[in-house]
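Descriptive structure summary
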Amino acid sequence: QVQLVESGGGLVQAGGSLRLSCAASGRAFSAYVMGWFRQAPGKEREFVAGITDSGGNTFYTNSVKGRFTISRDNAKNTVYLQMNSLKPEDTATYYCAAKITGWALSRLRSDYDYWGQGTQVTVSS
């Protein structure tokens, strides 16, 4: 069983920044592919960013490229999402997720095995 706890959400003005954190339980964190997803009211949960177990590879959905950065610290069992130049359309609940089987990055929700409870990000215009 893997427990994921997100933090760092809040209210920010457009153009501002936030850093989300996701702390994971368990000793196998360094073997997991990790992802960030988000869900706005009335919309499907969508992929935002993913990172391989070592942190050597990352990828992003097009709408956040150049603005968001995913990273991880395996010594702290934590994955981060640095969000810069925030826009009102980034408003959503943000979830981290762990993919415990396989090494390949994925943007598919169904490929992730464990999810956090989410943290709210609100960007005002």
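Residues numbered from 1 in each chain as written. Predicted model: local features only at pLDDT ≥ 70, side-chain atom pairs only at ≥ 80, totals over all residues. Heavy atoms only, no water.

Topic: the packing of aromatic side chains
Tallied over the entire structure, the rule returns five aromatic pairs. Aromatic pair phenylalanine 37 and tyrosine 112: ring centres 5.2 Å apart, planes at 80 degrees, arrangement edge-to-face. Note that phenylalanine 37 is positioned in strand S4 (residues 33–39) and tyrosine 112 in the loop between strand S9 (92–99) and strand S10 (114–115), a separation of 75 residues in sequence. Summarising the burial analysis for this pair, phenylalanine 37 and tyrosine 112 share the class buried. Aromatic ring contacts, followed pair by pair, group Phe37, Phe47, Phe59, Tyr112 and Trp115 into a single cluster. The aromatic ring of tryptophan 115 is capped on one face by arginine 45, whose charged end is 5.0 Å from the ring centroid. (Phe/Tyr/Trp six-rings, centres within 6.5 Å; stacked < 30°, edge-to-face > 60°. Helix = DSSP H or I, 4+ residues; strand = E, 2+ residues; numbered from the N terminus. Buried < 20%, exposed > 50% of the residue type's maximum accessible area, 1.4 Å probe, protein only. Lys NZ or Arg CZ within 6 Å of the ring centre and 35° of its normal.)

Describing the sheet that holds strand S1 (residues 4–7)
Spatial strand order, S1-S3-S8-S7: four strands in an open sheet with antiparallel pairing. Edge positions in the open sheet fall to S1 and strand S7 (68–73), since each of these has one partner strand only. Between one strand and the next, the sheet's axes are offset by a mean angle of 15 degrees, whatever the strand orientation. Strand direction decides the pairing type here: S1 and strand S3 (residues 18–24), joined by four bridges, are antiparallel. What sits directly across from serine 7, in S3, is serine 21. (Pairing = 2+ DSSP bridges. Axes fitted to C-alpha atoms, helices over the stretch in contact; angles between N-to-C directions.)

Here's the deal with the nonpolar core
Counting 29 residues, the largest nonpolar core has Leu4, Met34, Trp36, Leu81, Met83 and Tyr94 as its most contacted members. Every element with two or more residues in this core is listed here: S3, S4, strand S5 (46–51), S7, strand S8 (78–83), S9 and strand S11 (119–124). Every residue in contact with leucine 4, bar those within four places of it in the chain, is listed here: Cys22, Ala23, Ala24, Met34, Cys96, Ala97, Ala98, Tyr114, Trp115, Gly116 and Gln117. Formed by five residues, the second largest nonpolar core is a distinct cluster that contains Val33, Phe37, Ala97 and Tyr112. (Core = buried A, V, L, I, M, F, W, Y, C linked by side-chain atoms within 4.5 Å. Contact = heavy atoms within 4.5 Å.)

Re the side chain of threonine 78
Residue position: threonine 78 is located in strand S8. The exposure class of threonine 78 is buried, given its relative accessible area of 10%. Polar side-chain contacts of threonine 78 include one of 2.8 Å to the backbone oxygen of lysine 76. With sequence-adjacent residues up to four places away left out, threonine 78 is seen in contact with Ser21, Cys22, Ala23, Phe29, Arg72 and Asp73. (Polar contact = N/O pair within 3.5 Å; in protein donor to acceptor, adjacent residues only side chain to side chain.)

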